[in-house]
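Fold and contact review
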There are 2 protein chains.
Amino acid sequence: MTTAYTRPLDIKRGRVDMSHGAGGKASAQLIEELFLPELDNPFLRQGDDGARLPIPADLGGGQLVMATDAHVVSPLWFPGGDLGCLAVHGTINDVAMLGARVLYLSAAFILEEGYPLADLQRLVRSLGHAAREAGVPVVTGDTKVVERGKGDGVFIATTGVGVVPFGLHISGRNARVGDVVLLSGTVGDHGVAVMSQRESLSFETQIVSDTAALHTLVQALLDAAPGAVHTLRDPTRGGLATTLNEIARQSGVGIRLQEAAIPVKPQVEAACELLGLDPLYVANEGKLVAIVAAEAADAALAALRAHPLGCDAARIGVVTEDRHRFVQMDTRFGGRRVVDWLSGEQLPRIC
Amino acid sequence: MTTAYTRPLDIKRGRVDMSHGAGGKASAQLIEELFLPELDNPFLRQGDDGARLPIPADLGGGQLVMATDAHVVSPLWFPGGDLGCLAVHGTINDVAMLGARVLYLSAAFILEEGYPLADLQRLVRSLGHAAREAGVPVVTGDTKVVERGKGDGVFIATTGVGVVPFGLHISGRNARVGDVVLLSGTVGDHGVAVMSQRESLSFETQIVSDTAALHTLVQALLDAAPGAVHTLRDPTRGGLATTLNEIARQSGVGIRLQEAAIPVKPQVEAACELLGLDPLYVANEGKLVAIVAAEAADAALAALRAHPLGCDAARIGVVTEDRHRFVQMDTRFGGRRVVDWLSGEQLPRIC
């Protein structure tokens, strides 16, 4: 993968800034230019939100999936969810997006000295509830404490493992020219819900986060379109725009979207206008993009819509041949524009 | 498991304090009274530093091991190591202590805004080097950034997975009366090495951390004493004393130690005296405790000593019948004393 960043990372004199955690261009550059050269291996190079990993034959064989997330959302409670359930949903989704049956979660907590135990209990309760609801137990954990002023209440790093059924291979690298791009519902809900709680930006809104575990939705999709689902990804940090750019880059294709087909709740649209945000770049925590063979697109869309978490699903575009790997969009007004990666930081600490 | 704490956790009015992260009695109480009731499941109840997990038969079967650690050591560099290699070693060791072949690692980074990229690169390089040296790749990761003053440079949460060879069952629950307690080397090196770097406690010392991946040492031990290794654990936070108390509690036994047999480097002994610490409670990052059947103890000890990471290994005690599950020690001076759990916080942010 070669992406031409404006200039290479200045490792000698540079410093970490908020954009390195925003999931857009700066995050990708940090990973490619600082992390990958030091950690390089074929699994990490897969470039998906989790890794597909062979179990050695003498230990039983099979294909493991592993995904990890550090969750630093602020504030810790937001309409529709909190850090606890988000930590479960986000990691289950990363494992599920590789087609794996999600089996187990681990959770590592970094607590700030002085944090109220009652609030910690509420977060752990929410995490436990989300895990039970999803049927994926938290099987091991760790708890560390840092001094007051060296953390921010609670951070949770979760890791998920699953096993891929034999013969299934879903990856961001598998999008093919002519494939159809499906989206499971409205975009921007999570990001706007979190932003609505930030003190510096408080505004009234009815929007709640879409945070949800998508593994049963994935299963419904795979059952309805066997062999036809090429790529799955949840558009979290960086939003739909960044996710589609990642896929275009990984698969070496272009993507052409229909703006009018992308579902956005009117309240989200309004809030984004107020905040100067583009909903295509706002994080989701309960939506997926599915890239499927054209002949299976109708069946796949019907399966998504038949599931409670996919009732607003839509066909939003197609995969095209494009050596520039651009994501382009036919606008509502009949024009066309390039939908680039998120550059810089739109929404800090959204997940 | 029932431990009589002095008083129950005051969840309503209590707050997180540094002792909750120190690995001793307060940590155990937080886990038992706040975390376990919310997350309860049989895997978490195993009570080891990792979990043994069945892979469903229709997905190939077998026995997975998963362990996770949040690493918040301060300072980030210390004699003999740094946060990067520590994050690899600590998690490999937790997986290895269940007898698993360690296969893969994930790493989630929480970076503080303003942290120098050059220092981050040094840490990631050390992490990558440690992973390559151990032969366990970091296959997936995540990077988040928090605002200046909401973190402390870099935190790393690592998770490891491995697979247990068929028929092997090693657990903190398996210590049997009459078993022999082996220790792979000197205690207290890591904790004293880190303390030597704290600005408020700076003193000159030659001590370097023992941080190391112990999976090959475990393998050597298992090969030398097949079927005879009942329990393995690395005495990290809380030190040897806390680890042995955990095992005694899990297995429902007592442990009787010989103080004179426990190897401690003279410089560590001297530094501990200066700081008012007991080396039995100081963290190690490259040592293991093995509880083995008496008839295999000589072979097991010889195997430990033949390995570069076990050259100072010693037989330090035996497992006894004791309904109070006490760890007791015959002192150098002919007396006997109870070696209790670490209570409160001896060394903050040691790993």
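Position numbers for residues start from 1 in each chain and track the written sequence from start to end. Naming scheme: in the order in which they are written, chains are lettered from A and ligands are numbered from 1. Only residues with pLDDT of at least 70 are given local features in this predicted model, and only at 80 or more are side-chain atom pairs given and counted; all residues enter the totals for whole chains, interfaces and linings. Only heavy atoms go into the side-chain values, all of them from the structure, while hydrogens and water stay out.

**Describing the overall build of chain A**
In terms of helices and strands, chain A carries eight helices and 14 strands. Its C-alpha atoms give chain A a radius of gyration of 20 Å, near enough to 20 Å, the size a compact globule of 351 residues would have. By principal-axis analysis of the C-alpha atoms, chain A measures approximately 55 × 55 × 50 Å. The buried label goes to any residue with under 20% of its type's maximum accessible area, the exposed label to any with over 50%, and the partly exposed label to all in between, with areas taken from a 1.4 Å probe on protein chains only. Each of the 351 residues in chain A was classed as buried or not, and the buried ones make up 65%. Contacts between residues were defined by any pair of non-hydrogen atoms, one from each residue, lying within 4.5 Å. Once local pairs closer than 6 in sequence are excluded, the contacts in chain A between residues at least 24 apart make up 82%. Only the protein chains shown count as cover for residues, with accessible areas throughout obtained via the Shrake-Rupley method and a probe of 1.4 Å. Put simply, chain A shows about 12,700 Å² of open surface, and 50% of that area lies on carbon and sulfur atoms. Numbering goes from the N terminus for both helices and strands, where a helix is a DSSP run of H or I of at least four residues and a strand is a run of E of at least two. Here the globule rule is a power law, 2.2 Å times the number of residues to the power 0.38, and the radius of gyration is based on C-alpha atoms.

**Focus: the interface of chain B and chain A**
At the junction of the two partners, chain B supplies 85 residues and chain A supplies 85 residues. It is Val16, Glu38 and Leu117 of chain B in chain B that bury the most area against chain A; as a group they hold 10% of the surface buried on that side. Just to be clear on terms, a salt bridge is a Lys or Arg side-chain nitrogen sitting within 4 Å of an Asp or Glu carboxyl oxygen. The interface formed by chain B and chain A holds 10 salt bridges in total. In this structure, lysine 150 of chain B engages aspartate 152 of chain A in a salt bridge whose closest nitrogen and oxygen atoms are separated by 3.8 Å. Identification of polar contacts relies on pairs of N or O atoms within 3.5 Å, with a donor-acceptor requirement for protein atoms, meaning one able to donate a hydrogen and the other able to accept it, and with residues adjacent in sequence counted only if both atoms are side-chain atoms. There are 31 residue pairs in polar contact (both at pLDDT 80 or more) connecting chain B and chain A. Among the elements of the structure, helix 1 (25-39), strand 1 (51-54), strand 2 (63-71), strand 5 (101-112), helix 3 (117-134), strand 6 (138-146) and strand 7 (154-163) of chain B are those that each provide at least two residues to the side of chain B that touches chain A. A simple way to read buried area is as the amount of 1.4 Å-probe accessible surface that goes missing from two parts once joined, with both sides added.

**Some points on the sheet that holds strand 12 (residues 314-320) of chain A**
Residue and element names in this part refer to chain A. Judged by pairing direction, the sheet is mixed, and its seven strands sit side by side in the order 9-11-8-12-10-13-14 without closing on themselves. Since the sheet does not close on itself, it has two edges, and those belong to strand 9 (229-233) and strand 14 (336-338), each with one partner. Neighbour-to-neighbour, the strand axes of the sheet open up by a mean angle of 25 degrees, direction not taken into account. Here, strands pair whenever DSSP counts at least two bridges between them. Axis definition: a line fitted to C-alpha atoms, limited for helices to the stretch in contact. Angles are taken between N-to-C directions and run from 0 to 180 degrees.

**Notes on the packing of aromatic side chains**
Note on ring pairs: Phe, Tyr and Trp rings are taken, using the six-membered ring of Trp, and paired if centres are within 6.5 Å. Classes follow the plane angle, with under 30 degrees stacked, over 60 edge-to-face and the rest tilted. For the structure shown, the criterion picks out five aromatic pairs over all chains. Measuring from centroid to centroid gives 4.7 Å for phenylalanine 35 of chain A and phenylalanine 109 of chain B, while their planes differ by 70 degrees, and the two rings are edge-to-face. Here the residue phenylalanine 35 of chain A occupies a position in helix 1 (residues 25-39), and phenylalanine 109 of chain B occupies one in strand 5, the pair thus bridging two chains. Assessed through its relative accessible area of 5%, phenylalanine 35 of chain A is described here as buried.

**Remarks on helix 8 (residues 297-305) of chain A**
Residue and element names in this part refer to chain A. Along helix 8, the positions that sit buried rather than exposed are Ala297, Ala300, Leu301, Ala303 and Leu304. Projected down its long axis, helix 8 carries its buried residues within an arc of 160 degrees, all on one side. In the core, the buried residues of helix 8 are packed alongside strand 8 (180-183), helix 5 (215-224), strand 11 (289-292) and strand 12. Working note: the arc is built from the helix axis to C-beta atom directions.

**A look at the side chain of serine 209 of chain A**
Residue and element names in this part refer to chain A. Counting through the fold element by element, serine 209 comes out in the loop between helix 4 (189-195) and helix 5. Classification of serine 209 by relative accessible area gives buried; the value is 8%. Within polar-contact distance, the side chain of serine 209 engages the side chain of histidine 190 at 2.8 Å. Side-chain polar atoms of serine 209 contact the backbone nitrogen of threonine 211, separated by 3.0 Å. Those residues in contact with serine 209, other than ones at most four positions away along the chain, are Phe78, Pro79, Gly80, Asp189, His190 and Ala193.

**Brief notes about the pattern of salt bridges**
Taken as a whole and assessed by the stated rule, the structure comprises 45 salt bridges over all chains. Among the salt bridges present, the one from aspartate 40 of chain A reaches arginine 45 of chain A, with a minimum N-O distance of 2.9 Å. Of the charged contacts, one joins arginine 249 of chain B and glutamate 32 of chain B as a salt bridge, the two residues approaching to 2.6 Å between their closest N and O atoms. Of this pair, arginine 249 of chain B sits in helix 6 (residues 239-251) while glutamate 32 of chain B is found in helix 1, placing the two residues 217 residues apart along the sequence.

**Let's talk about the relation of the copies chain B and chain A**
Least squares is used to superpose the copies, and the fit set is the C-alpha atoms of residues whose pLDDT is at least 70 in both copies. For the match of chain B to chain A, the screw axis carries a shift of 0.0 Å, the RMSD comes to 0.0 Å, and the turn is 180 degrees. Overall, the copies show the geometry of a two-fold rotation axis. For chain B, the minimum C-alpha distance to the rotation axis belongs to glycine 151 of chain B and amounts to 2.2 Å. Taken as a fraction of all interface residues of chain B, those also at the interface in chain A reach 100%, which identifies the copy contact as same-surface.

**Side note on the pairing of strand 7 (residues 154-163) of chain A**
Residues and elements named next belong to chain A. With respect to burial, strand 7 is a largely interior element, 10 of its 10 residues being buried. Burial along strand 7 is two-sided: Val154, Ile156, Thr158, Gly160 and Gly162 facing one way and Phe155, Ala157, Thr159, Val161 and Val163 facing the other are all buried. One ladder, built from eight bridges, connects strand 2 (residues 63-71) with strand 7; its direction is antiparallel. Directly across from methionine 66, in strand 7, lies its bridge partner valine 161. As paired strands, strand 5 (residues 101-112) and strand 7 are joined by 10 bridges and run antiparallel to one another. Its bridge partner lying in strand 7, leucine 111 is registered against valine 154.

**Quick notes on the nonpolar core**
Definition of nonpolar core: a set of buried residues of the types Ala, Val, Leu, Ile, Met, Phe, Trp, Tyr and Cys, connected through side-chain atoms within 4.5 Å. Leu120, Ile262 and Leu288 of chain A are the most contacted members of the largest nonpolar core, which has 109 residues in total. With near-sequence residues (within four places) excluded, leucine 120 of chain A lies in contact with Leu111, Tyr115 and Val154 of chain A together with Val16, Leu30, Leu34 and Phe35 of chain B. Residues Val73, Val136, Val154 and Leu277 of chain B belong to the second largest nonpolar core, which totals 83 residues.

**As for the domain arrangement of chain A**
Domain assignment breaks chain A into domain 1 (1-40), domain 2 (49-164) and domain 3 (180-338). Between the C-alpha centres of domain 1 of chain A and domain 3 of chain A there is a distance of 25 Å. Domain delimitation in this document rests on an assignment produced automatically or drawn from a domain database.

**What to know about the environment of valine 88 of chain A**
Residue and element names in this part refer to chain A. Within the fold, valine 88 resides in helix 2 (residues 83-96). Classification of valine 88 by relative accessible area gives buried; the value is 1%. Sequence separation of valine 88 and valine 138 is 50 residues, and the distance between their C-alpha atoms is 8.8 Å. Ignoring any residue separated from it by four or fewer positions in sequence, one finds valine 88 in contact with Leu105, Leu127, Ala130 and Ala131.

**Notes on the sheet that holds strand 1 (residues 51-54) of chain A**
All names here are of chain A. Read from one edge of the open sheet, five strands run 1-2-7-5-6, paired in mixed fashion. Each edge of the open sheet is held by one strand with a lone partner, namely strand 1 and strand 6 (138-146). Here the average twist between neighbouring strands, direction ignored, is 20 degrees. The strands touched by helix 2 are strand 2, strand 5 and strand 7; relative to strand 2, the strand with the most contacts, the crossing angle is about 150 degrees.

**A short note on the pairing of strand 6 of chain B**
Residues and elements named next belong to chain B. Judged by how many residues are buried, strand 6 sits mostly within the fold: eight of nine residues are covered. Inspection of the sheet shows strand 5 paired to strand 6 by eight bridges, in the parallel sense. In the sheet register, glutamate 112 faces strand 6, and the bridge partner there is valine 146. In this fold, strand 5 hands off to helix 3, which returns the chain to strand 6; that crossover is right-handed. A crossover counts as right-handed when, viewed with the strands pointing away from the observer, the path leading from the first strand over the helix to the second turns clockwise.

**Some thoughts on the side chain of aspartate 234 of chain B**
Residues and elements named next belong to chain B. Assignment of secondary structure puts aspartate 234 in the loop between strand 9 (229-233) and helix 6. Lys and Arg are tallied as positive, Asp and Glu as negative. Neither His nor the chain termini are counted. Buried charged residue aspartate 234 carries no salt bridge. Nearest counter-charge: arginine 233, at 6.1 Å. Excluding residues that lie within four positions of it along the chain, aspartate 234 makes contacts with Asp49, Gly90, Asn93, Asp94, Met97, Thr243, Lys287 and Leu288.

**Here we look at the packing of helix 2 of chain A against helix 3 (residues 117-134) of chain A**
All names here are of chain A. It is at 6 Å that the axes of helix 2 and helix 3 come closest, and there the two elements cross at 35 degrees. For the element pair helix 2 and helix 3, the recorded crossing hand is right-handed. When helix 2 is examined against helix 3, the residues Leu83, Gly84, Cys85, Ala87, Val88, His89 and Ile92 are found in contact with a partner set consisting of Leu123, Ser126, Leu127, Ala130, Ala131 and Ala134. Per-class residue counts for the contact of helix 2 with helix 3 are 10 nonpolar, three polar and no charged. Less than a right angle of anticlockwise turn of the near helix away from the far helix marks a crossing as left-handed, whereas a clockwise turn marks it as right-handed. In this classification, Asp, Glu, Lys and Arg are treated as charged, Ala, Val, Leu, Ile, Met, Phe, Trp, Tyr, Cys and Pro as nonpolar, and every other residue, Gly included, as polar.

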